[in-house]
Amino acid sequence: MDKLIKIVTKDSALVPLVAILMGLLFGALVMLAGGYNPLTAYSALVGKVFGDPYDFGETIREITPLILTGLSVAFAFRTGLFNIGGEGQFMMGMTAASVIGIKLQLPWFIHAPLAVVAGALIGGLWGALAGYLKAKRGVNEVITTIMLNWIALFLSNYVVNQFLLQPGQQRSYPTQDSASLSIGWLSELMGNARMHWGTVIALAAATVFYVLLWKTKQGYELRAVGHNPHAARYAGMNVNRNIVKSMFISGIFAGLAGVVDVLGVFHYQTVVAASPGYGFDGVAVALLGGNTPLGVVLAAVLFGSLTYGSAGMSFAADVPPEIIRVVIGSVIFFVATHGIVRWVLLPIYAKRKKEEAA
């Protein structure tokens, strides 16, 4: 218990918590400036999230892909890379899962796992492509992943249009029931909210993230290369291979987010004009979570709750949904500017030092 208290009260946890509080306060000021009641708005937000089983289940559904895309960005950060290509990897994972889920007819114990693995691998390979270009050609991964996002978007639309499109619709045929990740009994229990096994997959992915990076030799190599590639090369590590491997694993996480979205929530894929945004939100989730698996899960819970709860603010308090983006942006701003938060915390630090000195 003492160890848990130390973890919760350490500076790395205190700063994000204060940043969240400051972001919420700033959002309240914005609401007041716009003529809205922040207490009513935040009460409506909480009521929307926890008001009934359906809304609570849908909040979990909103949180799930954010965990996976947050893990994707955080993994790359931990290994010295900036994977801003979660959008493209999300789309490629979704498309691969859709192809397997629609075109094949297999027993459920083969079909669903095969679709999940296929989507994860394609997402990983899409990320590895950017890793290869950085390792072999020295091309900055930020540039390549942004470009690959657009390629993935239009390639996914092409695949749906040419091979999966339902006549007269702007979406694919539905995936086979044998490829579904939905949990029927849990959905009924949660008021027909779209509950699925993807939430379990996301939490398992967070565990894999931790074990792989901090409990294995491979994880040590990946972190060492990210910390100092020159020292890692001097120590005999294959830097280029580890860069590609890191982006591959990062892409797997983002690809899984697309997989669970299509197989667990919608069960079809649409022809879209823009990507859903989970990959970019994953950057904010990873930043707020301190690039740690537990932090990412908690940050995804916050972001998912704010995103879904914004509808309650709109209906009950007449607050525009865009206000919630102001709140989220404020939280990110205060997390990114540690100096401001630490300045606010100076009295607490000073008091703690006096107590320790005494």
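Residues numbered from 1 in each chain as written. Predicted model: local features only at pLDDT ≥ 70, side-chain atom pairs only at ≥ 80, totals over all residues. Heavy atoms only, no water.

Trainee: Help me understand the overall build of the protein chain, please; the structure alone is not making it clear to me.
Mentor: Across its full length, the protein chain holds 16 helices and zero strands. Its C-alpha atoms give the protein chain principal-axis dimensions of about 70 × 60 × 40 Å. When burial is assessed residue by residue, the protein chain has 48% of its 358 residues classed as buried. Long-range contacts, defined as pairs at least 24 residues apart, comprise 77% of the intrachain contacts of the protein chain with a sequence gap of at least 6. Here the protein chain has roughly 17500 Å² of accessible surface; of this, 68% comes from carbon and sulfur atoms. Charge-centre separation for the protein chain: the mean point of 24 positive side chains lies 14 Å from the mean point of 17 negative side chains. (Helix = DSSP H or I, 4+ residues; strand = E, 2+ residues; numbered from the N terminus. Buried < 20%, exposed > 50% of the residue type's maximum accessible area, 1.4 Å probe, protein only. Contact = heavy atoms within 4.5 Å. Areas by Shrake-Rupley, 256 points an atom, 1.4 Å probe, with all protein chains shown as cover. Lys, Arg positive; Asp, Glu negative; His and termini not counted. Charge placed at Lys NZ, Arg CZ, Asp CG, Glu CD.)

Trainee: Is there a simple way to explain the pattern of salt bridges in this structure?
Mentor: In a structure, side chains of opposite charge can pair up when their charged atoms sit close to one another. Under the definition given, this model contains five salt bridges. The closest approach of N and O atoms between Glu 62 and Arg 61, which form a salt bridge, is 3.2 Å. Both residues of the pair, Glu 62 and Arg 61, belong to the buried class. Ionic pairing is found between Lys 134 and Glu 141, a salt bridge with its closest N-O pair at 3.1 Å. Classification of Glu 141 as buried rests on a relative accessible area of 6%. (Salt bridge = Lys/Arg side-chain N within 4 Å of Asp/Glu carboxyl O.)

Trainee: I'm lost on the confidence of the model for the protein chain in this one. Help?
Mentor: The predicted coordinates should not be examined in detail at positions where pLDDT is low. Scored by pLDDT, the protein chain has a mean of 89; 91% of the residues are at 70 or more. Overall, residues 1-10 carries pLDDT values under 50, and its contacts beyond four positions in sequence, including any with other chains, amount to four contacts. (pLDDT = per-residue confidence, 0-100.)

Trainee: What's the story with the nonpolar core in this structure? I'm lost.
Mentor: Looking at soluble globular proteins, one finds that nonpolar side chains tend to be buried together. Core analysis: the largest hydrophobic core is formed by 82 residues, its most contacted members being Leu 71, Leu 263, Leu 288, Phe 303 and Met 313. The greatest single-element share of this core, amounting to eleven residues, is contributed by helix α12 (residues 239-266). If near-sequence neighbours (up to four positions away) are discounted, Phe 303 is found in contact with Leu 66, Ala 284, Val 285, Leu 288, Ile 328 and Ile 332. Core analysis: the second largest hydrophobic core is formed by five residues, Leu 186, Met 190, Ala 193 and Met 195 among them. (Core = buried A, V, L, I, M, F, W, Y, C linked by side-chain atoms within 4.5 Å.)

Trainee: What exactly am I supposed to notice about unusual backbone geometry here?
Mentor: What you tend to see is this: most non-glycine residues have negative phi, and most peptide bonds are trans. Backbone geometry places His 267, a non-glycine residue, at a positive phi of 65 degrees. Even without glycine at this site, Asn 291 takes up a positive phi of about 60 degrees. As for its position among the elements, Asn 291 is in the loop between α13 (278-288) and α14 (293-316). What makes Asn 291 buried here is its relative accessible area of 18%.

Trainee: Help me understand the environment of Ala 317 in this model?
Mentor: By secondary structure assignment, the location of Ala 317 is in the loop between α14 and α15 (322-336). Taking the C-alpha atoms as reference points, Ala 317 and Ala 120, separated by 197 residues in sequence, lie 41 Å from one another.

Trainee: I tried to follow the packing of helix α6 (residues 108-137) against helix α7 (residues 141-164) on my own but got confused; where do I start?
Mentor: A pair of packed helices can be characterised by two numbers: the angle between their axes and the separation between those axes. Closest axis-to-axis distance for the α6/α7 pair is 10 Å, and the angle between their directions is 145 degrees. Where α6 crosses over α7, the handedness of that crossing is right-handed. Contacts from Trp 126, Leu 129, Ala 130, Leu 133 and Lys 134 of α6 reach α7 at Glu 141, Thr 144, Thr 145, Leu 148, Ile 151, Ala 152 and Leu 155. (Axes fitted to C-alpha atoms, helices over the stretch in contact; angles between N-to-C directions. Left-handed = near helix turned anticlockwise from the far one by under 90°.)

Trainee: Where do I start with a nonpolar patch on the surface in this structure?
Mentor: A surface patch of nonpolar side chains, about 570 Å² in accessible area, is lined by Leu 104, Leu 106, Trp 108, Phe 109, Ile 110 and Leu 114. One can find Leu 104 in the loop between α5 (86-103) and α6. (Patch = residues over 30% accessible without salt bridge, like charges linked within 9 Å, V, L, I, M, F, W, Y side chains within 5 Å.)

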